[in-house]
Amino acid sequence: MDLLGRARECALLDGLIRDIGWGESRSLVLRGEAGIGKTALLEYLIAAAPELMVVRAAGVESEMELAYAGLHQLCGPLMYRLESLPGPQRQALEIVFGLSAGAVPDRFHVALAVLSLLSEVSEERPVLCVIDDAQWLDQTSALALGFVARRLLAEPVGLVFAAREPGDQLQHLPDLEVSGLHDGDARALLSSAVRFRLDEQVRDRIVAETRGNPLALLELPRGLSATELAGFGTAAASALPSRTEESFRRRIAAIPESTRRLLLIAAADPLGEPTLVWRAAELQGISTGAAAPRDRGGAVRVRHKCPVPPSAGPCRRLRRGVPG
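Residues numbered from 1 in each chain as written. Predicted model: local features only at pLDDT ≥ 70, side-chain atom pairs only at ≥ 80, totals over all residues. Heavy atoms only, no water.

1. Quick look at the overall build of the protein chain
Along its length, the protein chain carries 14 helices and 7 strands. By residue count, 49% of the 324 residues in the protein chain fall in the buried class. If you take every contact in the protein chain between residues at least 6 apart in sequence, the share linking residues at least 24 apart comes to 71%. Split by element, the accessible area of the protein chain, about 16200 Å² in all, is 52% carbon and sulfur. (Helix = DSSP H or I, 4+ residues; strand = E, 2+ residues; numbered from the N terminus. Buried < 20%, exposed > 50% of the residue type's maximum accessible area, 1.4 Å probe, protein only. Contact = heavy atoms within 4.5 Å. Areas by Shrake-Rupley, 256 points an atom, 1.4 Å probe, with all protein chains shown as cover.)

Here it is, written out as structure tokens:
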């Protein structure tokens, strides 16, 4: 998996994976504006770590007030080792995850339990924790994960966060600022998204005013004519986020209604878990055909296609075009 113009960042991530595989702990915060490519770098990281156990979570703005919502996403696949934790730590996780009743546990006990859980699992296989949109993590999850990242020592565990602006909970962790693409790479990316020949001055102006933001470079030309692109200027650049959103709206409006409903269901699940998405779709009377729209703009992509209906075991995963 090659990412245009990201050789330095990919080399750093490759080194992180190598260190974890050698039994060292690592943490990293990828920070940068929306659409700059943080999620793409996380996908690269995951694809480059086939020997590691990967667990994922994603901050969800609507869940920021739900205590430990992010932690529940991340630790869910690891709970099979819960019984190996010391009693107070095990009880703390059981209570915050709703597995048993009791008084609200001390946050320190919860964070310590997550640290112990990751350490236990890493004895079987090195663990890589990937947390996207960390700026939207609930405060309790962010505090616990920041604590874990700072306390890891010789365990083969890695925590990699992506955030537009990391909160105080992730301060003092190693970080990497993800910036816009350099001119040459930005021009190459823009050329891949434009259906016609662009005037060189117009191309240079777009690259300059988008500051090499990959999402902006890909989305801005969609649905615009050569004349409209030629008129792209400072005023248009200031309205770039709304124009990008409008580009997504136009593309989504062009797909069938059943597919739009399926996208809405998928968007409600931050991890795009296929079993859960298809179960919800089935309850809404949405068939598997909704996952095969004639969308040439890339707003909807489906992986792991199979002819099996949802009730017989779903094997499709939706990928949503969400700014990184």
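2. As for helix α4 (residues 87–96)
Every buried residue of α4 is listed here: Gln-89, Ala-92, Leu-93, Glu-94, Ile-95 and Val-96. Looking at the packing, one finds that the buried side of α4 touches α5 (107–122). Phi turns positive, to about 75 degrees, at Gly-98, one or two residues after α4.

3. Let's talk about the pattern of salt bridges
For side chains bearing opposite charge, pairing can occur when the charged atoms are close. Counting across every chain of the model gives 11 salt bridges. Across the pair Arg-8 and Glu-9 runs a salt bridge, and its minimum N-O distance is 3.6 Å. The salt bridge involving Arg-187 is made with Asp-204; its shortest N-O contact spans 3.3 Å. Residue Arg-187 is located in helix α7 (residues 183–193), and its partner Asp-204 is located in helix α8 (residues 200–210); the two are separated by 17 residues in the primary sequence. The network of salt bridges with common partners includes Arg-6, Arg-8 and Glu-9. (Salt bridge = Lys/Arg side-chain N within 4 Å of Asp/Glu carboxyl O.)

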